There are 4 protein chains.
Amino acid sequence: MKRLKLGMVGGGRGAFIGGVHRIASRIDGRFELVAGALSSSADTAAESAADLGIAPDRSYSDFRVMAKTEADRSDGIDAVAIVTPNQMHAAPVIAFLRAGISVICDKPLCATLAEADEIAAAIKSSSAHFVLTHNYTGYPLVRHARRIIANGELGAIRVAQIEYAQDWLAKSIENEGQKQAAWRTDPAKSGGGGAIGDIGTHAFNLLGFVTGLKTEALSADLHSFGTGRQVDDNAHILLRMQGGAKAMLWASQIAIGNENRMCLRVYGEKGGLEWSQENPNVMSLTVHGEAKRILTRGGAGFGDGSQLWTRIPPGHPEGYLECFANIYTEAADLIEGKNDGAMLPGIDEGLQGMQFIDTCLRSAKNNSEWLPFGLKKS
Amino acid sequence: MKRLKLGMVGGGRGAFIGGVHRIASRIDGRFELVAGALSSSADTAAESAADLGIAPDRSYSDFRVMAKTEADRSDGIDAVAIVTPNQMHAAPVIAFLRAGISVICDKPLCATLAEADEIAAAIKSSSAHFVLTHNYTGYPLVRHARRIIANGELGAIRVAQIEYAQDWLAKSIENEGQKQAAWRTDPAKSGGGGAIGDIGTHAFNLLGFVTGLKTEALSADLHSFGTGRQVDDNAHILLRMQGGAKAMLWASQIAIGNENRMCLRVYGEKGGLEWSQENPNVMSLTVHGEAKRILTRGGAGFGDGSQLWTRIPPGHPEGYLECFANIYTEAADLIEGKNDGAMLPGIDEGLQGMQFIDTCLRSAKNNSEWLPFGLKKS
Amino acid sequence: MKRLKLGMVGGGRGAFIGGVHRIASRIDGRFELVAGALSSSADTAAESAADLGIAPDRSYSDFRVMAKTEADRSDGIDAVAIVTPNQMHAAPVIAFLRAGISVICDKPLCATLAEADEIAAAIKSSSAHFVLTHNYTGYPLVRHARRIIANGELGAIRVAQIEYAQDWLAKSIENEGQKQAAWRTDPAKSGGGGAIGDIGTHAFNLLGFVTGLKTEALSADLHSFGTGRQVDDNAHILLRMQGGAKAMLWASQIAIGNENRMCLRVYGEKGGLEWSQENPNVMSLTVHGEAKRILTRGGAGFGDGSQLWTRIPPGHPEGYLECFANIYTEAADLIEGKNDGAMLPGIDEGLQGMQFIDTCLRSAKNNSEWLPFGLKKS
Amino acid sequence: MKRLKLGMVGGGRGAFIGGVHRIASRIDGRFELVAGALSSSADTAAESAADLGIAPDRSYSDFRVMAKTEADRSDGIDAVAIVTPNQMHAAPVIAFLRAGISVICDKPLCATLAEADEIAAAIKSSSAHFVLTHNYTGYPLVRHARRIIANGELGAIRVAQIEYAQDWLAKSIENEGQKQAAWRTDPAKSGGGGAIGDIGTHAFNLLGFVTGLKTEALSADLHSFGTGRQVDDNAHILLRMQGGAKAMLWASQIAIGNENRMCLRVYGEKGGLEWSQENPNVMSLTVHGEAKRILTRGGAGFGDGSQLWTRIPPGHPEGYLECFANIYTEAADLIEGKNDGAMLPGIDEGLQGMQFIDTCLRSAKNNSEWLPFGLKKS
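Not measured: the values here are computed from a predicted model.

Visitor: Would you mind showing me how to read the relation of the copies chain B and chain A here?
Guide: Both copies of the chain are tied together by a single rotation about an axis and a shift running along it. Laying chain B over chain A is done by rotating through 180 degrees and shifting 0.0 Å along the axis; what remains is an RMSD of 0.0 Å. Those values place the two copies in the arrangement expected of a two-fold rotation axis. Of all interface residues in chain B, 100% are interface residues in chain A too; the two copies therefore contact each other through one and the same surface.

Put into structure tokens, the structure is as follows:
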């Protein structure tokens, strides 16, 4: 088994999500990190590269130089991970795609709808692949939930309740030098959305992934509770979905007592299910008229093929890093032509996320007006 | 200790909530059921009275006769429980109040706003008391949550999430002869609302009881999923409350896998708490920056005075019947002049519930328009 | 429906379990408390009787006088509840049985094996009934578990884990004037056992009730952790049961963080189940090779006939008082000849409990020697 | 950062724990697998090596050749993972230690006490390090529990309840060609113990790790429920520990409904705590007289230094693979001289585990006789 060569843009010292991507790329041994433009500061880039065992000649301070150089090398990278803040996604994504290098990009896609269109165009004209790390779709039981619904076990979907609650922004720590909080609450860097962009897009994506339904309209009530905060930190959103289904989406970063409580509940004509990210190895499923069943990752009824999504027996918990690794491993399969990436989030999910942010912001500005949600396809 | 004499209107053979009221009235030994107009059918009334050990001469088939006769007896009833379907509340409530007999009425208050005003007027001109059995306010930890918030332990409230999910109407069993389903889904009997009236009013009342905040506006998306159903069975509601707080309220009777999942979460500047009806003897409380604490009914920190709301040591669960009994026992105290009924739901809560139903129906008809919620006082 | 007339011995002001018996007797309206020897102090007895609305001429300070007088009255009591400390059970039990009055006695049966034999003899020669309030057997899901096992759904039982953990004796509060702790930790009053008598007998009884298996031998390691305490406050017990099943029993009153955690797990060849008293409305059941199912009180699969054991729909929790009321209500049926009391604990369970205490004490004294457990039948 | 070079003995196609070790070694990027004697079959060894990207010249079919060859290479391995069945641990462990190569060995240490002594001697005379993968000690909250107890927050320990329940051997699948079951239930390969060796040693080790207490005596009741099974599949064990503490240990592989339920509860004079492996990111802690607190991995009160044991923020679950990776990462630090391995299980824990198995077997053979547990030190 040969490892794919991976580069990274962003993710230098002091960053958060870059480290997650690196672990995720390593877990199944399918990638080897060999190049990086880890920081826009040349010094930080070089030091960060040294930390990670990247050879000095493959540490870049300019992602454009990196894209060109790596494309020209015979041992150049097969894929690049883009883990910069949102407003710095579009340029490197496009540069690497144009250089024919596959891109694994953190979410949300970018900062503006205009950028999103440019990325979509770049993907169309590139031979390389594009994967967006809506990583929660990599949880084995999330995928099992999707399959249960696709198989019709719940019947036509009626109602979904999705929430993603955190509390780390309960105080305005962006004013106290917390770097992660600072860029996420700066509208110029985040792209205008706060909680709706950072975690709301995850929730929205999960809702669509599991139910298989498109959103047709939404009504959003957004609010900033943090003192002096310029972006939303609490979002209350109603959704109307295909086939008459209705959903509620709650995203909050000020709900004290919640760490990363992302919880999805889906109810159909014939049954209901419930899953929560903080204990992701169990899911409940109730068929109408029967007792609730507790499904476990890898346990009874988990289904053929699902063992690809998990590494260890049921009862030994897998977590966030393994769900993230599933995305990386399937990206490797996609790049190597071993699968078609059907389960992988990509540009469509990215565009939908950007439209979700935009539609929420417009609805909220107009007193929660219901707005149609015209899902653009790439 | 002398027992108060209790009468009952409704609650004959085949009824549900009447039996609950009877148990609740007995648990603390403060009431003795001695009279009843248990059914509008004379035969059923008599048979039901015999079942319950009510003397034949105090079994009535007409509540007006009962009110008059009992008021005239030297050993007449001190209070009457009204446990008929919603659209049959107003007339008996008014009749007994006019007869000077205290009323303990099931919720929602009645079927129309006009009736509600009549009841309010009758209360004003009566010397008797009026209690509305929003029984969930009787749960000890619900009261403790209210006190925690009133004490400022959570700081200013920012967000509340309240839900009441059931699944017993997932199928349209009202078409199959299920009596409870039939009247609750008949707009003429329920008062127009379905889930919003039957359980939404409970959720709305609990939200106000615990947070101490009034609702200023709401936006409602109501839907009927049951085939041929004429009232809502799923309600998605956004609320804006005093002081800038925001809330989401979900009431559903088609969410398969939920029996009576009424769950309240409240988040303020300084902390958050969570309570769920299905396991009501625990509540979580998180102060910002500290570990979550699990409070138990009667356990550490439960507080002085709270022992009045519970009968047995922590770890021995109390349930729905005991919370209902708390309402009855405090009603006895109120009638005997031993307390002022400050914790008891009454006409104000009843009016608010009726306005809640009305406002939701109007908002939903106009595409979830935000409507002001002008809380009328009795 | 006529109410049975109930008397009570013990349970005056300051007592605990007497109040529980009174509520339990009232919940279903089958008993009316009309007489009592509520305290051995004449003053306390009279005051306590007045509190409870017992007529002065039916308040007694001597239970023997009460037994004789009530037996002689045409409106005398049908049954008496014995709620005194353990060492004061035998005499009143025997006195009332001899007077032909049915007895509902708190557990454990009494203080010594010799007393137990006397009680058994008195029962044999009396026309009245005897019920022992091992109340946990009244929980609906406990009875459902018993039925599941009796039906063979778990196959032959292999292993059971039963525990009852409390923490109220973590400190030696018996030295600080806590009345409940004082008599329970006084070997002269408790009968020699501490935790094994007070809660261990409940656990042991539940184990036999649910599994339907007799214990054949046990090995006990008892310990007193409380400073200066003379009875065990922690018991570690191994059991060998009929058919080769093995069990562990843990009873502790010093396990900080546990209020009344009584938890039973049973595993057979074909399946396993688990139930816990602190959230008694749910139980898990796993059939080998299938997903775990969550059974609820009154929910799917609860079974015909079970509705007799519960009063309200699933999702509305019942608790400790309702399980206790089930014992009283079936006792009423038994006394009225409406059932045979097959589910009710009685003298056999009482004798077994006494033998359990005795065998544990002897085993512990001899370094946890395995001792045969010859279950005597009454 | 330079990666350490890792070899592996065992872990070829069809094996289980080898794959876990490989992932664990990769997660933090501290090891690179470069050599292996992955199977005693030369063909399987070569194919397995190719699967894993090991160069053909570093795939060995004989671990002795591997030890010698790698020791002689200038780029030879720094450490070797021994992941063969129990009875094939001792020989390779000793061979690599003698070759000066550090050893990371799966548990239990080996198959016999005599082998254990030989391993201990080899460690003494080697300059290389020895780590035993009692991986559960790598869970962040397990370490936090140990620290809480070491800090005296629970006071003197009184009682501990430890259990490890599985159900995968409920049926005798060893007779149906299940490879993992076959060697684990073959006394010749497992070393005599069944559940006590496979999972009981984990439980026993965790008990000592967290409480910091040595076991002084034990009494074991072992049983084989599986048809035709030659080793124990259920173990009921009582323990007496230093300072008068008492413990119960339950290990079972036939408890249907349990996947890998390893649960530890510890109670002291001042408090109690509880942790369970299946949801390892939370732990409860109760200080006497206070409400129970829910501690989370990385959450409030997690403590300075603990961040070394975790990679991502609280609320994003880590699992079994990350706890295993903590062992590998600290082994890397130990080998590189960066820490002293104080938290790492090694030969002492290995010897204790072997003595635990031996003592349990002897006690069980003699009717659960209490046997002293003389902990040998290496």
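Visitor: In this structure, what is going on with the interface of chain B and chain A? I would like to understand it.
Guide: How big an interface is tends to be expressed through the accessible area that disappears when the partners come together. The interface of chain B with chain A comprises 44 residues on the first partner and 44 residues on the second. On the surface where chain B and chain A come into contact, there are eight salt bridges. Across the salt bridge formed by Arg 240 of chain B and Asp 221 of chain A, the nearest N and O atoms sit 3.1 Å from each other. Our enumeration of links across chain B and chain A arrives at 28 residue pairs in polar contact (both at pLDDT 80 or more).

Visitor: What is the right way to look at the interface of chain C and chain B in this model?
Guide: Each side of the interface is counted separately: chain C has 35 residues, and chain B has 35 residues. Here chain C packs against chain B, burying approximately 2700 Å² in sum over the two surfaces, 55% of which is carbon and sulfur. Three residues, Arg 26, His 316 and Pro 317 of chain C, lead the burial of chain C against chain B; their summed loss comes to 21% of the area buried on that side. Summed over the shared surface of chain C and chain B, the result is zero salt bridges. Linking chain C with chain B are 17 residue pairs in polar contact (both at pLDDT 80 or more), by the criterion used here. Top element by residues in the side of chain C that touches chain B is helix H1 (residues 17–27) of chain C. It accounts for four residues. Across the side of chain C that touches chain B, the residue classes break down as 16 nonpolar, ten polar and nine charged.

Visitor: Whenever I open this one, the pattern of salt bridges confuses me. Can you help?
Guide: Should their charged atoms come close, side chains of opposite charge can pair. All names here are of chain A. Throughout the structure, instances matching the rule amount to 100 salt bridges over all chains. Between Arg 58 and Asp 75 there is a salt bridge, and its shortest N-O distance comes to 3.6 Å. Here the residue Arg 58 occupies a position in the loop between helix H2 (42–51) and helix H3 (63–72), and Asp 75 occupies one in the loop between H3 and strand E3 (79–82), the gap between them amounting to 17 residues. By relative accessible area, which is 29% here, Asp 75 ends up partly exposed. By sharing partners, the salt bridges in this structure join Asp 57, Arg 58, Glu 70, Arg 73 and Asp 75 into a single network.

Visitor: What is the right way to look at the nonpolar core in this model?
Guide: General note: in soluble globular proteins, nonpolar side chains tend to be found buried as a group. Within the largest apolar cluster, 224 residues are counted, with the highest numbers of intra-cluster contacts made by Phe 96, Leu 109 and Ile 237 of chain A together with Phe 96, Leu 109, Ile 237 and Phe 356 of chain D. In this structure Leu 109 of chain D touches His 89, Ala 116, Ile 119, Phe 130, Leu 132, Ile 347, Gly 350, Leu 351 and Met 354 of chain D, once residues within four positions along its chain are discounted. The next biggest cluster of nonpolar side chains, apart from the first, holds 222 residues, and it includes Ile 157, Trp 309 and Tyr 320 of chain B together with Tyr 328 of chain C.

Visitor: Got a minute to help me understand the pairing of strand E13 (residues 292–296) of chain A in this structure?
Guide: Consecutive side chains of a regular strand alternate in pointing toward one face of the sheet and then the other. With four bridges connecting them, strand E12 (residues 282–287) of chain A and E13 of chain A associate as antiparallel partners. Within the sheet, the bridge partner assigned to Val 282 of chain A lies in E13 of chain A and is Thr 296 of chain A. Joining the antiparallel neighbours E12 of chain A and E13 of chain A is a turn of four residues, in which Gly 289 of chain A adopts a positive phi near 85 degrees. When E13 of chain A meets strand E13 (residues 292–296) of chain C, the two strands line up antiparallel, connected through three bridges. Paired with Ile 294 of chain A across the two strands is Lys 292 of chain C, which belongs to E13 of chain C.

Visitor: Is there a simple way to think about the packing of helix H4 (residues 90–98) of chain C against helix H5 (residues 113–124) of chain C in this case?
Guide: Residues and elements named next belong to chain C. Closest axis-to-axis distance for the H4/H5 pair is 9 Å, and the angle between their directions is 10 degrees. For the element pair H4 / H5, the angle class is roughly parallel. Here H4 contributes Ala 90, Val 93, Ile 94 and Leu 97 to the contact with H5, which in turn contributes Glu 115, Glu 118, Ile 119, Ala 122 and Ile 123. Of the residues assigned to the contact of H4 with H5, the class counts are seven nonpolar, no polar and two charged.

Visitor: What is the right way to read the packing of aromatic side chains from this model?
Guide: The description of two aromatic rings rests on the distance between their centres and on the angle between their planes. Counted by the stated rule, this structure contains 44 aromatic pairs over all chains. Look at Tyr 139 of chain D and Trp 275 of chain D: their rings are 5.2 Å apart centre to centre, the planes differ by 55 degrees, and that puts the pair in the tilted class. Placement of Tyr 139 of chain D in the loop between strand E5 (130–132) and helix H6 (140–150) and of Trp 275 of chain D in strand E11 (residues 271–276) is noted, with a sequence separation of 136 residues between them. Assigned by exposure class, Tyr 139 of chain D and Trp 275 of chain D land together as buried. Here the aromatic residues Phe 31, Tyr 136, Tyr 139, Tyr 164, Trp 275, Tyr 320, Phe 324 and Tyr 328 of chain A are joined through ring pairs into a cluster of three or more. Lying over the aromatic face of Phe 209 of chain C, Arg 146 of chain C brings its terminal NZ or CZ to 4.2 Å of the ring centre.

Visitor: I would appreciate a short explanation of the domain arrangement of chain A in the present structure.
Guide: All names here are of chain A. Taken domain by domain, chain A holds domain 1 (4–128) and domain 2 (138–314 + 346–365). With 21 residues of domain 1 at the interface, the matching set in domain 2 holds 19 residues. Across the domain 1 to domain 2 interface the summed buried area is about 1500 Å²; carbon plus sulfur atoms make up 64%. Here the side of domain 1 that touches domain 2 gets six residues from one element, more than from any other, and that element is helix H5 (residues 113–124). Of the residues assigned to the side of domain 1 that touches domain 2, the class counts are 13 nonpolar, four polar and four charged.

Visitor: Help me understand helix H9 (residues 195–211) of chain D, please; the structure alone is not making it clear to me.
Guide: A turn of α-helix holds 3.6 residues, and therefore any two residues three or four places apart point the same way. All names here are of chain D. Its 17 residues place the ends of H9 22 Å apart at the C-alpha level, agreeing with the 24 Å of an ideal helix rising 1.5 Å per residue. Along H9, the largest kink reaches about 35 degrees and is centred on Thr 201. Counting buried positions over the 17 residues of H9 gives 16, a clear majority of the element. Note on H9: the residue one or two positions beyond its end, Gly 212, has a positive phi of about 75 degrees.

Visitor: Which parts of the structure should I look at to understand helix H3 (residues 63–72) of chain B?
Guide: Residues and elements named next belong to chain B. Among the residues making up H3, those that are buried are Phe 63, Met 66, Ala 67 and Glu 70. Down the axis of H3, the buried side of the element spans an arc of 100 degrees, and every buried residue falls inside it. In H3, the exposed residues that point more than 90 degrees away from the buried face are Arg 64, Lys 68 and Asp 72. Contacts from the buried residues of H3 go to strand E1 (4–9), strand E2 (31–37), strand E3 (79–82) and helix H4 (90–98). Here H3 starts with a cap whose side-chain oxygen sits 2.6 Å from the backbone nitrogen of Arg 64, and that cap is Asp 62.

The rules behind these values
- What you see as residue numbers is a count from 1 along each chain, following the sequence as written.
- To read the labels, note that chains go from A and ligands from 1, taken in the order they are written.
- Local features are withheld for residues below a pLDDT of 70 in this predicted model, meaning they are given only at 70 or higher, and side-chain atom pairs are given and counted only at 80 or more; totals for whole chains, interfaces and linings count all residues.
- Heavy atoms throughout the structure, all of them, feed into the side-chain values; hydrogens and water do not.
- Overlaid copies result from least-squares superposition on C-alpha atoms, with residues included only where pLDDT is at least 70 in both.
- The contact rule is simple, with two residues in contact once any of their heavy atoms fall within 4.5 Å.
- Throughout this description, the term salt bridge denotes a Lys or Arg side-chain nitrogen within 4 Å of a carboxyl oxygen of Asp or Glu.
- Definition of a polar contact: a pair of N or O atoms within 3.5 Å, with one able to donate and the other able to accept a hydrogen when the atoms are protein atoms, and with sequence-neighbouring residues admitted only if both atoms are side-chain atoms.
- The term buried area denotes the loss of accessible surface (1.4 Å probe radius) that occurs when two parts are joined, taken as the sum for both partners.
- Elements are defined by DSSP. Helices are runs of H or I of four residues or more, strands are runs of E of two residues or more, and each kind is numbered from the N terminus.
- Each residue is assigned to one of three groups, with Ala, Val, Leu, Ile, Met, Phe, Trp, Tyr, Cys and Pro labelled nonpolar, Asp, Glu, Lys and Arg labelled charged, and all others, Gly among them, labelled polar.
- Summary of the burial criterion: residues with accessible area below 20% of their type's maximum are buried, those above 50% are exposed, and those between are partly exposed, where the area comes from a 1.4 Å probe applied to protein chains only.
- Remark: nonpolar core denotes a set of buried residues (Ala, Val, Leu, Ile, Met, Phe, Trp, Tyr, Cys) joined through side-chain atoms within 4.5 Å.
- Two strands form a pair only when DSSP identifies at least two bridges running between them.
- With axes taken as lines fitted to C-alpha atoms, and helix axes fitted only over the stretch in contact, angles between N-to-C directions fall between 0 and 180 degrees.
- Any angle that is under 35 degrees is reported as roughly parallel, and any over 145 degrees as roughly antiparallel; angles of 65 to 115 degrees are reported as roughly perpendicular and all others as oblique.
- Side-chain rings of Phe, Tyr and Trp (the six-membered ring for Trp) are treated as a pair once their centres are within 6.5 Å; stacked means planes under 30 degrees apart, edge-to-face means over 60, and tilted covers the remaining angles.
- Consider the ring centre and the ring normal. A charge sits over the ring if Lys NZ or Arg CZ is within 6 Å of that centre and within 35 degrees of that normal.
- These domain limits were set by an automatic method or by a database of domain assignments.
- For a helix, the expected span equals 1.5 Å multiplied by the residue count minus one.
- At every residue, the bend is computed as the angle between two fitted axes, covering the seven residues ending there and the seven beginning there respectively.
- Within this analysis, the arc is defined by the directions that extend from the helix axis to the C-beta atoms.

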